Amino acid sequence: MAERENEIHARHNGTSQIPIQPPPLIGSSRRRRGIIPRPRSPPEPAAVGAALVAPWLPPPPARSIRDLIIMGESKWMGKRWEEMDTDVLVKIFKELNLVELSPVSQVCRLWRLACSDPLIWGTLDFGLLKSNFIQTRASPYIWVDDRSDKRLAKILRVAMAISRGNVNCMIFHYNLYMKDEHLHYISQRSPNLKRLVMPAWNRISRAGICQAIERWGELESLTMPTIGHPPYIMEGLANSCKNFKELKIMGSFDLLFASAVTTYLPKLKVLSLRCSKVTMGALQCVLNSLEHLEVLNISHCLLFEMATNGRRQVIHELDNKALERASRLREFHHCQSRQCVACQRMMLDEGILRWYRYEDWFWRRDEVRSLDLKDYGRLFGAQCEMLTSVD
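For every chain, the first residue of the written sequence is number 1, and numbering continues from 1 along that sequence. At least 70 in pLDDT is required for a residue's local features to be given in this predicted model, at least 80 for side-chain atom pairs to be given and counted, and no such filter applies to totals for whole chains, interfaces and linings, which use all residues. Side-chain calculation: all heavy atoms of the structure are included, whereas hydrogens and water are not.

Caption draft 1: Region of the structure containing the packing of aromatic side chains. Two aromatic rings, drawn from Phe, Tyr or Trp (for Trp, its six-membered ring), form a pair once their centres lie within 6.5 Å of each other, and the interplanar angle then sorts them: stacked below 30 degrees, edge-to-face above 60, tilted otherwise. Tallied over the entire structure, the rule returns 10 aromatic pairs. Centroid distance Trp 355 to Phe 362: 5.6 Å. Interplanar angle 50°. Geometry classified as tilted. Note on exposure labels: buried denotes an accessible area under 20% of the residue type's maximum, exposed denotes more than 50%, and partly exposed covers the range between, all computed with a 1.4 Å probe on protein chains only. Judged by relative accessible area, which is 12%, Trp 355 ranks as buried. Where Trp 361 meets Phe 362, the ring centres are 6.2 Å apart and the plane angle is 80°; that geometry is what we call edge-to-face. The buried category is assigned to Phe 362, whose relative accessible area is 6%. Ring pairing ties together the aromatic residues Tyr 174, Trp 355, Tyr 358, Trp 361, Phe 362 and Trp 363, which thus form one cluster.

Caption draft 2: Geometry of the side chain of His 300. Helical segments are the DSSP runs of H or I of at least four residues, strand segments are the runs of E of at least two, and each set is numbered from the N terminus. Mapped onto the elements of the fold, His 300 is located in the loop between β13 (295-299) and β14 (302-306). When near neighbours in sequence (up to four residues on either side) are disregarded, His 300 contacts Arg 274, Cys 275, Cys 335, Gln 336, Cys 340, Ala 342, Cys 343, Met 346 and Glu 367. Contacts are assigned to residue pairs with any non-hydrogen atoms lying within 4.5 Å of each other.

Caption draft 3: How the structure looks around the nonpolar core. Working definition of a nonpolar core: buried Ala, Val, Leu, Ile, Met, Phe, Trp, Tyr and Cys residues. They are joined through side-chain atoms within 4.5 Å. Counting residues in each nonpolar core, the largest one holds 79 residues, and the members touching the most others are Trp 121, Met 224, Met 234, Leu 237, Leu 247 and Phe 253. Those residues in contact with Leu 247 that lie beyond four places of it in its chain are Leu 222, Met 224, Met 234, Val 261, Leu 268, Val 270, Leu 271 and Ser 272. The next biggest cluster of nonpolar side chains, apart from the first, holds 17 residues, and it includes Ile 171, Met 250, Met 346 and Leu 373.

Caption draft 4: Representation of helix α11 (residues 231-240) within the structure. The complete set of buried residues in α11 reads Pro 231, Tyr 232, Ile 233, Met 234, Gly 236 and Leu 237. Buried residues in α11 make contact with α10 (206-215), β8 (221-225), β9 (246-250) and α12 (255-264).

Here is the structure:
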């Protein structure tokens, strides 16, 4: 037995060249008879070829229950909320509206940063936000409930505080009557605005809109209702917004308006007059003077010209001269059909469409894809509008 142990020791230390023989198999019947006891010492190291297996090691010490719980949480439950990646938080917060985002943004610094991500605030759609108003005969021809103004101011404060200047597109309802202080507040806190759908002009002064346009140097697209004296707005866009390229008019478009557009915005690329009252002189001015124009939409417009007797004559079909000039455009949308529902509405309203009579989505549509407002956004949807409504 001693010689056997010395031989194994020599093989383990590499001092012997005698090939290692596998240990003899021990029959289980001999163990049961008690002739050969079961070994209790660690097994001898075995070798495969010339390589030796690592010596036997004792099992690792048992971990406490607390350690196992911590390991289980880290393995199966993932990261804690305050340690989650910003991209993951942004995907979650995109499903919330403005009212829900307000308390979420106050949890911690990481959550506030995620709540202000541009992916959430790219478009701020207030298309459902309206004023409680009454029409009057004296200027500004509208009276607005004071509670509507306070509600608008509160909503704007929350939105501008969370977004941190990351709003690129802002949409307002045509029946939202904001004041100069509202517009001033927005323009100060959204300097990167590229697209604006304006509300009604009634309570916004000339100085107020000019000051706002000066701050929006990156503005590229504007949807606006008709205004009495448009040249100063077109001049402000030309001086401050060097990348301006899209304009949509909702209301009336006469020769004065067309002359202001062609004079101050000669590089305009997209013009939509959808559902507006347009004179033939204004249309001809646009087609003849805007050399860089690529897209023109006069769908459902009430086209007319003044006859020699001073009466207004409605044009239902464009002449060949106008169609030839429009053929150079990349897109030309027109519809003056008496069978068209939208055209029938224009005739019924005598060219000034009463939007409130029709579907809520009707005023948002446009045949030009880049000007179509599609559905209402999630940030200020129907639920959010109800939560912020004035009793």
